[in-house]
Amino acid sequence: MKTLNKWLLEVKESLSKALGIANDSSMPTYNLYMLAPIIYAERQKTNNEALLQEMIDANDKQVSHDWAIDEESRSRFIFHFVSSYLYCFVVADKIDELKYDEIMEYVNDNMDLFPDK
């Protein structure tokens, strides 16, 4: 398994790719999280459509829930992307929820996930 620094690099590279795609298109930044499964599939070299759909559904459910609780959550697009991207590894059974929480905590400590705050 990856060390926490490797996870941080993984997240930074995937976020950079997502921001580039959003910048080159008319995609609203609050929908950045939608790119997480696509970038996951590309970086992990998988084309399992059922798994991809499972990731999309899980991320949509989580982000929609966050938005319903706190409308200001839409502005936290970097956090939502990172959280969604890492959650793809949970859906794919590459890491468990405990490892996901550990990685999220480390990434949050070492990256500004809330730049507008």
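Note that the structure is predicted; figures quoted are calculated from it, not measured.

Novice: Please give an account of the environment of Asn-48 that cites residues and values.
Specialist: Here Asn-48 lies in the loop between α2 (36–43) and α3 (49–69). What makes Asn-48 partly exposed here is its relative accessible area of 40%. Of the polar contacts made by the side chain of Asn-48, one reaches the backbone nitrogen of Ala-50; its length is 3.1 Å.

Novice: Outline the pattern of salt bridges, listing residues and values.
Specialist: Two side chains of opposite charge can pair, provided their charged atoms sit close to one another. For the structure on display, the rule yields 5 salt bridges. Arg-43 is the salt-bridge partner of Glu-10, the closest N and O atoms lying 3.0 Å from each other. Here Glu-10 is found in helix α1 (residues 4–24), whereas its partner Arg-43 is found in helix α2, with 33 residues between them in sequence. In this structure Arg-43 comes out as partly exposed when scored by relative accessible area, which is 29%.

Novice: Provide a residue-level description of the packing of aromatic side chains, including the pertinent values.
Specialist: Under the definition given, this model contains 9 aromatic pairs. Ring plane angle 90° and centroid distance 5.8 Å describe the contact between Tyr-33 and Trp-67, whose orientation is recorded as edge-to-face. With Tyr-33 in the loop between α1 and α2 and Trp-67 in helix α3, this residue pair connects regions lying 34 residues apart in the sequence. Judged by relative accessible area, which is 3%, Tyr-33 ranks as buried. On the basis of relative accessible area, Trp-67 is assigned to the buried category, the value being 14%. Centroid distance Phe-81 to Tyr-85: 5.9 Å. Interplanar angle 15°. Geometry classified as stacked. Here Phe-81 pairs with Tyr-85, and both are found in helix α4 (residues 77–91), just 4 residues apart, close to one helical turn. Each of the two residues, Phe-81 as well as Tyr-85, counts as buried.

Novice: Please provide a residue-by-residue account of α2, values included.
Specialist: Considered for burial, the residues of α2 that qualify are Ala-36, Pro-37, Ile-39, Tyr-40 and Ala-41. In this structure, the buried residues of α2 make contact with α1, α3 and α4. Just downstream of α2, Lys-45 is the residue with a positive phi angle, here 55°.

The rules behind each value
- Residues numbered from 1 in each chain as written.
- Predicted model: local features only at pLDDT ≥ 70, side-chain atom pairs only at ≥ 80, totals over all residues.
- Heavy atoms only, no water.
- Helix = DSSP H or I, 4+ residues; strand = E, 2+ residues; numbered from the N terminus.
- Buried < 20%, exposed > 50% of the residue type's maximum accessible area, 1.4 Å probe, protein only.
- Polar contact = N/O pair within 3.5 Å; in protein donor to acceptor, adjacent residues only side chain to side chain.
- Salt bridge = Lys/Arg side-chain N within 4 Å of Asp/Glu carboxyl O.
- Phe/Tyr/Trp six-rings, centres within 6.5 Å; stacked < 30°, edge-to-face > 60°.
- Contact = heavy atoms within 4.5 Å.

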